[in-house]
Amino acid sequence: GKYGTQIDQKSRNEETQNLIDAINDMSVKLQTEEKQKRQITADVAHELRTPLSNLQGNLEAMLDGIWEPNQEKLLSCHEEIIRLASIVQQMQVLYSLENRNEQLECESIDFSVLCRSLSVDFAMKLEAKQIRLTVYAKKGDIVWGDRYKIRQCMINLISNAIQYSDVGGEIELHISNDDQYTTILVKDHGVGIPADELPNLFERFYRVDKSRSTKTGGMGIGLSITKAIVERHGGMISVESTPGKGSTFIMTFPQKSEK
Ligand code: ADP
């Protein structure tokens, strides 16, 4: 169980030296995995602590008679419970994606049709901030993947684009195909992300501006789920961003192959 232990000896025999290198390499990898597991436990505990302690405080105040248990106070407790349930649910989604518990049901998805249906779903949110959503896709532009999961990726990226855009902004959805890959872009002209935050953006519970995100209710799981879905398809996700000018999230999916 002492991960990270290294064999110092060198061997003149090539096979033995390869074996030593392989064991040393494995030991480092096991140590890294163990650290990540601990970090996840710590992150989950941290995320659950705040809503739980708010809930405990509010309920105790009502039980002690300091607070009258009226509709408003009960509603606030209920909201915290919904937030907690949502964190747990999203963690479960992430867990099954990362552990490949679920089979993907891949099919050809017409991106323009998907975007039209998303525009309808987001109509109210877009209208509330007077944001224009423009789709640069024509009928027959196909992405190969699990319909429900690709839709989830788009929902996560569009919600963020709306959240981090100013009133009157614009969001663009693009698709392009080459011989092997389909590339989908979700581009906003919103607040943007500082360069030093970009490497951590896809980590679970990561938020650029904690206070801003807490106010807007973000939990920092959306992008981890999006990344896990894209990677589960054998694809990649990246981001380009300029603070004050906006961000572009780029998802690349392999096209349908015989394999
Ligand atoms: P959250 O639920 O906080 O939005 P995400 O995992 O979706 O969680 O995003 C993580 C963080 O990345 C957000 O809190 C925000 O700081 C930043 N972010 C994501 N998308 C954008 C965007 N389009 N523009 C600016 N910042 C963004």
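Residues numbered from 1 in each chain as written. Predicted model: local features only at pLDDT ≥ 70, side-chain atom pairs only at ≥ 80, totals over all residues. Heavy atoms only, no water.

Re the overall build of the chain
- In terms of regular secondary structure, the chain is built from seven helices and seven strands.
- Scanning the chain from its N terminus toward the C terminus, one meets helices and strands in the order α-α-β-α-α-β-β-α-β-β-α-α-β-β.
- Over its C-alpha atoms the chain spans a radius of gyration of 23 Å, topping by over 25% the 18 Å that the globule rule assigns to 259 residues.
- With respect to the three principal axes, the spread of C-alpha positions in the chain is 75 × 60 × 35 Å.
- Residues classed as buried in the chain amount to 36% of the 259 residues present.
- About 16200 Å² of surface is accessible on the chain, with carbon and sulfur atoms providing 52% of the total.
- When the 31 basic and 37 acidic side-chain charges of the chain are each reduced to a single mean position, those positions are 1 Å apart. (Helix = DSSP H or I, 4+ residues; strand = E, 2+ residues; numbered from the N terminus. Rg over C-alpha atoms; globule rule 2.2 N^0.38 Å. Buried < 20%, exposed > 50% of the residue type's maximum accessible area, 1.4 Å probe, protein only. Areas by Shrake-Rupley, 256 points an atom, 1.4 Å probe, with all protein chains shown as cover. Lys, Arg positive; Asp, Glu negative; His and termini not counted. Charge placed at Lys NZ, Arg CZ, Asp CG, Glu CD.)

Observations concerning the packing of helix H2 (residues 71–98) against helix H7 (residues 222–232)
- The geometry of H2 relative to H7 is characterised by a closest axis approach of 9 Å and an angle of 25 degrees between their N-to-C directions. When the axes of H2 and H7 are compared, the pair comes out roughly parallel. In this structure, H2 crosses over H7, and the sense of that crossing is left-handed. For the pair formed by H2 and H7, the contact residues are Gln90, Val93, Leu94, Leu97 and Glu98 on the first element and Gly222, Ser224, Ile225, Ala228, Ile229 and Arg232 on the second. (Axes fitted to C-alpha atoms, helices over the stretch in contact; angles between N-to-C directions. Parallel < 35°, antiparallel > 145°, perpendicular 65-115°, else oblique. Left-handed = near helix turned anticlockwise from the far one by under 90°. Contact = heavy atoms within 4.5 Å.)

Limitation: the analysis is restricted to geometry and does not speak to function.
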